[in-house]
Amino acid sequence: MNSEVDYSQLKIPTHVAIIVDGNGRWAVERGLSRLKGHDAGFDNLRNLVRYIMSRGVKVLSLYVFSTENFKRAKEEVGHLMDLFVLMYRRDLQIFMEDNIKVVFSGRDAPLPKSVIKARDEMAEATKNNTGGIVNFCLNYGGRAEIMDAVKKIVHASVDVDKLTDDDFRHYLYQDLPDIDLMIRTSGELRLSNFLLWQNSYAEFYFPKTKFPDFGAAEFDQAIIEYTSRDRRFGGNTKA
Ligand code: IPE
Ligand code: IPE
Ligand code: MG
């Protein structure tokens, strides 16, 4: 993927998050099955991840399967699970070449053993890479993450009176910086239980483009828009 945009004039977010959405509608509007939409989405994901990390983003979180997505038809869930296994096997070499550390956020159950194995192998193989972090949110739910953090804190008999925001973060699935830019493709205007804690002060960007068509040029537009935002964090405007 190539870009015409001069990134030296732009603000680069440290942590970008993407809700990968619209695969199903992308396929249906082409007369294809929803499963073909997921195939197209995952083909796009590989190049997009490389492009985004090459632009200087340090952390990229990707919502690829929510805890609620298990409500979908068995065939669709099974196809997505097969795609995850395929993707983690197929793309390991690329993450190694690009020096990217891959981490995961989400619960184990009820993921199939094959997915857990491929996921854990990917995390183990890339754990010492230092060129950036890709965080796959797989069987992820924001409420589940906060609930799981609270349970860990209680089980660890933590002195809760001394607990700070930063301490709390250590109990989340991954200890990552706050999200700067949150992108949801396909025109839906909601979070759908994604990284509720980490999105507190994120800038939101909602392109209409469905995920299989969201490429380098669309990402450039997101960064141009992000650069124009005035982030105040509750303080006074800089303008
Ligand atoms: C991809 O898009 C989301 C997942 C990978 C679960 P969708 O499958 O939600 O596509 P739409 O929203 O139905 O178009
Ligand atoms: C959110 O998208 C989950 C992922 C993209 C992985 P959904 O398509 O499942 O969300 P809703 O149902 O439209 O809110
Ligand atoms: Mg959707």
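Conventions we followed
Residues numbered from 1 in each chain as written. Chains lettered and ligands numbered in written order. Predicted model: local features only at pLDDT ≥ 70, side-chain atom pairs only at ≥ 80, totals over all residues. Heavy atoms only, no water. Near = heavy atom within 4 Å. Polar contact = N/O pair within 3.5 Å; in protein donor to acceptor, adjacent residues only side chain to side chain. Areas by Shrake-Rupley, 256 points an atom, 1.4 Å probe, with all protein chains shown as cover. Helix = DSSP H or I, 4+ residues; strand = E, 2+ residues; numbered from the N terminus. Nonpolar A, V, L, I, M, F, W, Y, C, P; charged D, E, K, R; others polar. Contact = heavy atoms within 4.5 Å. Pairing = 2+ DSSP bridges. Axes fitted to C-alpha atoms, helices over the stretch in contact; angles between N-to-C directions. Parallel < 35°, antiparallel > 145°, perpendicular 65-115°, else oblique. Left-handed = near helix turned anticlockwise from the far one by under 90°. Core = buried A, V, L, I, M, F, W, Y, C linked by side-chain atoms within 4.5 Å. Buried < 20%, exposed > 50% of the residue type's maximum accessible area, 1.4 Å probe, protein only.

1. Some points on the site of ligand 1
Here is step 1 of the chain: What surrounds ligand 1 is the set Val 20, Asp 21, Gly 22, Asn 23, Gly 24, Arg 25, Arg 34, His 38, Val 64, Asn 69, Arg 72 and Glu 76.
Here is step 2 of the chain: The separation between an oxygen atom of ligand 1 and a polar main-chain atom of Asn 23 is 3.2 Å.
Here is step 3 of the chain: At 2.9 Å from an oxygen atom of ligand 1 is found a side-chain nitrogen or oxygen belonging to Arg 34.
Here is step 4 of the chain: In isolation ligand 1 exposes 380 Å². Once the protein is present, 91% of that is buried.
Here is step 5 of the chain: Mapped by element, the contributors of at least two residues to the shell around ligand 1 are α1 (23-28) and α2 (34-54).
Here is step 6 of the chain: Among the elements that line the shell around ligand 1, the one with the most residues is α1, at three residues.
Here is step 7 of the chain: Of the residues contributing to the shell around ligand 1, the split by class is two nonpolar, five polar and five charged.

2. Topic: the site of ligand 2
Here is step 1 of the chain: Around ligand 2, the neighbouring residues are Ile 19, Val 20, Asp 21, Tyr 63, Val 64, Phe 65, Ser 66, Asn 69, Arg 72, Arg 184, Arg 190 and Ser 192.
Here is step 2 of the chain: Here an oxygen atom of ligand 2 and a side-chain polar atom of Asn 69 are 2.8 Å apart.
Here is step 3 of the chain: At 3.2 Å from an oxygen atom of ligand 2 is found a side-chain nitrogen or oxygen belonging to Arg 72.
Here is step 4 of the chain: If ligand 2 stood free it would expose 380 Å²; the protein chains cover 77% of that surface.
Here is step 5 of the chain: Ranked by the residues each element gives to the shell around ligand 2, the list is headed by strand β2 (residues 59-66), at four residues.
Here is step 6 of the chain: Tallied by class, residues from the shell around ligand 2 come to five nonpolar, three polar and four charged.

3. Things to note about the side chain of Asn 44
Here is step 1 of the chain: For Asn 44, the location among the structural elements is in helix α2.
Here is step 2 of the chain: Apart from the residues within four sequence positions on either side, Asn 44 is in contact with Met 1, Phe 211, Pro 212, Phe 214 and Gly 215.

4. Regarding the sheet that holds strand β1 (residues 15-19)
Here is step 1 of the chain: The strand order across the open sheet formed by six strands is β3-β4-β2-β1-β5-β6, and the pairing between neighbours is parallel. Of all strands in the sheet, those with a lone pairing partner are β3 (101-105) and β6 (203-205), marking the two edges. Here the average twist between neighbouring strands, direction ignored, is 20°.
Here is step 2 of the chain: Direction of pairing for β3 relative to strand β4 (residues 133-140): parallel, over a ladder of five bridges. Counterpart to Val 102 in the pairing with β4 is Val 134.
Here is step 3 of the chain: Sitting on the sheet, helix α3 (residues 74-97) touches β2, β3 and β4, and the angle it makes with β4 is about 165°.

5. Let's talk about the packing of α2 against α3
Here is step 1 of the chain: Contact geometry for α2 and α3: axes closest at 11 Å, N-to-C directions at 20°. As the angle between them shows, α2 and α3 are arranged roughly parallel. The handedness of the crossing between α2 and α3 comes out as right-handed. Between α2 and α3, the contacting residues are Arg 34, Leu 35, His 38, Asp 39, Phe 42, Asp 43, Leu 45, Arg 46, Val 49 and Arg 50 on the first element and Glu 75, Glu 76, His 79, Leu 80, Leu 83, Phe 84, Met 87, Arg 90, Asp 91, Ile 94, Phe 95 and Glu 97 on the second.

6. Considering the nonpolar core
Here is step 1 of the chain: One finds Ile 18, Leu 45, Phe 84, Phe 136 and Phe 219 to be the most contacted residues of the largest nonpolar core, which totals 47 residues.
Here is step 2 of the chain: Per-element tally for this core: the top contributor is α3, with nine residues.
Here is step 3 of the chain: Ignoring any residue separated from it by four or fewer positions in sequence, one finds Leu 45 in contact with Val 20, Leu 62, Val 64, Met 87, Phe 136 and Phe 211.
Here is step 4 of the chain: Formed by twelve residues, the second largest nonpolar core is a distinct cluster that contains Ala 17, Cys 137, Tyr 173 and Leu 195.

7. Examining unusual backbone geometry
Here is step 1 of the chain: Between Ala 109 and Pro 110 the backbone carries a cis peptide bond, its omega angle lying at 0°.
Here is step 2 of the chain: Not every positive phi belongs to a glycine, and Ser 157 is a case in point at roughly 50°.
Here is step 3 of the chain: You can see Ser 157 is positioned in the loop between α5 (142-155) and α6 (165-170).
Here is step 4 of the chain: Judged by its relative accessible area of 62%, Ser 157 is exposed.
Here is step 5 of the chain: Of note in this structure, Phe 233 is not a glycine but carries a positive phi near 50°.
Here is step 6 of the chain: Assignment of secondary structure puts Phe 233 in the segment after α7 (216-228).

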